[in-house]
Amino acid sequence: MQKRNATVAVIGAGDYIGAEIAKKFAAEGFTVFAGRRNGDKLAPLVEEIEAAGGEIHARSLDARKEEEVISFLNEADRHAPLEICIFNVGANVNFPILDTTERVFRKVWEMACYSGFLAGREAARLMLPRGKGNIFFTGATASLRGGSGYAAFASAKFGLRAVAQAMARELGPKNIHVAHLIIDSGVDTEWVRQRRLEALGPNALDNPDLLMPPSSVAESYWQLYQQPRSAWTFELEIRPFGEKW
């Protein structure tokens, strides 16, 4: 592993996608700053990355709190220049419209849209003086389509996509690559597996090609990072080959 004088910040470093992103970039020599609501849950990720010779700094982070986001990204940048910021906070909930309370709607928006704005703005603030950087956002099918029961989630994801698009247009000419990755598939996590079994019955998991491994998502982020600026992608949709769409 060749160590780089650069950091990647993963905001929303959960057990699956976020963890795989952290492991991928650590394996490529980046120092990882990983943040999630309960930082204690990052202990297994820290152990795995350090055992492989990588460097990771794990932090508790409420991405809805402006001062916490600023502190987290500034700390990463002080350690080594912040080269990549990946916003990966999830807020996938399903409520019938009459059961969607004001609190649910507002909280989902805060998690999936407002906190993305904070992360993107503060990452840009650090990257602009150096004239380079990468800011990537995790989207979902709901970024493009409001499904039944997903009024809160889809509106927040639509909003995050708009934030990313506006940032890409503004910051691209300043040599900062802003991209939005749409995951149009169930990701292979225990939570998704249980939901599929409950909704589709005991044979729901028979076809392994319908769920996307979190490591494949991490690989897609790595590919975005490697793109030359003469051929940057703003929006990348990924799905397993067995997915109908």
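By the naming in an unreviewed UniProt entry, the protein chain goes by Short-chain dehydrogenase and is assigned to Bradyrhizobium guangdongense.

Visitor: Where do I start with the packing of helix α4 (residues 102-127) against helix α5 (residues 151-171) in this structure?
Guide: When two helices pack together, their arrangement is given by the angle between the helix axes and by the axis-to-axis distance. Running from amino to carboxyl end, α4 crosses α5 at an angle of 15°, the nearest separation of the two axes being 7 Å. Judged by the angle between their axes, α4 and α5 are roughly parallel. Considering only the axes of α4 and α5, their crossing is right-handed. When α4 is examined against α5, the residues F105, V108, W109, A112, C113, G116, F117, G120, R121 and A124 are found in contact with a partner set consisting of A151, A152, F153, S155, A156, K157, G159, L160, V163, M167 and L171. Counted by class, the contact of α4 with α5 contains 15 nonpolar, four polar and two charged residues.

Visitor: When you look at the environment of E219 in this model, what are you seeing that I'm missing?
Guide: Its location among the elements puts E219 in helix α7 (residues 214-226). Remark: the alpha-carbon pair of E219 and F25, spanning 194 residues in sequence, is separated by 9.4 Å.

Visitor: Looking at this structure, how should I read the packing of aromatic side chains?
Guide: When we look at a pair of aromatic rings, we describe it by the centre distance and by the angle of the planes. With the rule as written, the count across this model stands at twelve aromatic pairs. The interplanar angle of 75° and the centroid separation of 6.4 Å between the aromatic rings of F33 and F72 together place this pair among those described as edge-to-face. With F33 in strand β2 (residues 31-36) and F72 in helix α3 (residues 66-79), the pair connects residues that are 39 residues apart, well separated along the chain. The exposure class assigned to F72 is buried, which follows from its relative accessible area of 3%. Here a set of aromatic residues connected by ring pairs shows up, and it is made of F25, F30, W222 and Y225.

How each quantity is defined
- Residues numbered from 1 in each chain as written.
- Predicted model: local features only at pLDDT ≥ 70, side-chain atom pairs only at ≥ 80, totals over all residues.
- Heavy atoms only, no water.
- Axes fitted to C-alpha atoms, helices over the stretch in contact; angles between N-to-C directions.
- Helix = DSSP H or I, 4+ residues; strand = E, 2+ residues; numbered from the N terminus.
- Parallel < 35°, antiparallel > 145°, perpendicular 65-115°, else oblique.
- Left-handed = near helix turned anticlockwise from the far one by under 90°.
- Contact = heavy atoms within 4.5 Å.
- Nonpolar A, V, L, I, M, F, W, Y, C, P; charged D, E, K, R; others polar.
- Phe/Tyr/Trp six-rings, centres within 6.5 Å; stacked < 30°, edge-to-face > 60°.
- Buried < 20%, exposed > 50% of the residue type's maximum accessible area, 1.4 Å probe, protein only.

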